[in-house]
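Chain by chain, the residues:
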Amino acid sequence: DLEKLEGTVLSEKITLRADNGVFWVDTIINGKFTKPMVLDSGASIVTLPYELATELGIRPTADDQTVRLKIATGQIVEGKLKT
């Protein structure tokens with residue numbers, strides 16, 4: 001059974017680009033948007049800039065919980081928690 005399932009797994013090489021100590025990867029979001037994003041293997045959540053979130057139809061509001069986030073550069077920023 002495992003051998004039959006093995007043939008259904010899709011895989012491909014994903015190119016990472018190193019830049020100032022971080023890795024960038026091209027992502028496809030919702031099958032529509034191709035965007036470069038930082039790959040942070042230690043991240044527990046995905047952090048999006050406001051402009052990208054609104055382009056994707058994610059609208060932060062004053063009612064959303066405000067959270068403090070440490071981004072890949074080490075900077076602390078405030079954001080809105082969305083799921």
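The rules we used
Residues numbered from 1 in each chain as written. Predicted model: local features only at pLDDT ≥ 70, side-chain atom pairs only at ≥ 80, totals over all residues. Heavy atoms only, no water. Helix = DSSP H or I, 4+ residues; strand = E, 2+ residues; numbered from the N terminus. Buried < 20%, exposed > 50% of the residue type's maximum accessible area, 1.4 Å probe, protein only. Contact = heavy atoms within 4.5 Å. Pairing = 2+ DSSP bridges. Axes fitted to C-alpha atoms, helices over the stretch in contact; angles between N-to-C directions. Salt bridge = Lys/Arg side-chain N within 4 Å of Asp/Glu carboxyl O.

*Asks:* A description of the side chain of D64 should follow, citing residues and the corresponding values.
*Replies:* Among the secondary structure elements, D64 is positioned in the loop between α2 (50-55) and β4 (66-70). Overall, the relative accessible area of 16% leaves D64 in the buried class. With near-sequence residues (within four places) excluded, D64 lies in contact with R59, K80, L81 and K82.

*Asks:* So, the sheet that holds strand β1 (residues 17-19): which residues are in play, and what are the values?
*Replies:* With respect to topology, 3 strands assemble into an open sheet ordered β1-β2-β3, the strand pairing being antiparallel. Each edge of the open sheet carries a strand with a single partner, namely β1 and β3 (33-39). Taken pair by pair, the neighbouring strands of this sheet meet at an average axis angle of 40°, ignoring direction. Relative to strand β2 (residues 22-29), β1 runs antiparallel, the two being bridged by 3 bridges. Counted as the bridge partner of R17 is W24 from β2.

*Asks:* Can you lay out the pattern of salt bridges for me, pointing to particular residues and giving the numbers?
*Replies:* What the rule picks out here adds up to 4 salt bridges. The salt bridge involving K4 is made with D1; its shortest N-O contact spans 3.9 Å. Exposure remark for K4: the relative accessible area of 64% places this residue in the exposed category. Relative accessible area serves as the criterion here: at 75%, D1 is assigned to the exposed category. Between D26 and R17 there is a salt bridge, and its shortest N-O distance comes to 3.2 Å. For D26, a relative accessible area of 46% corresponds to the partly exposed category.

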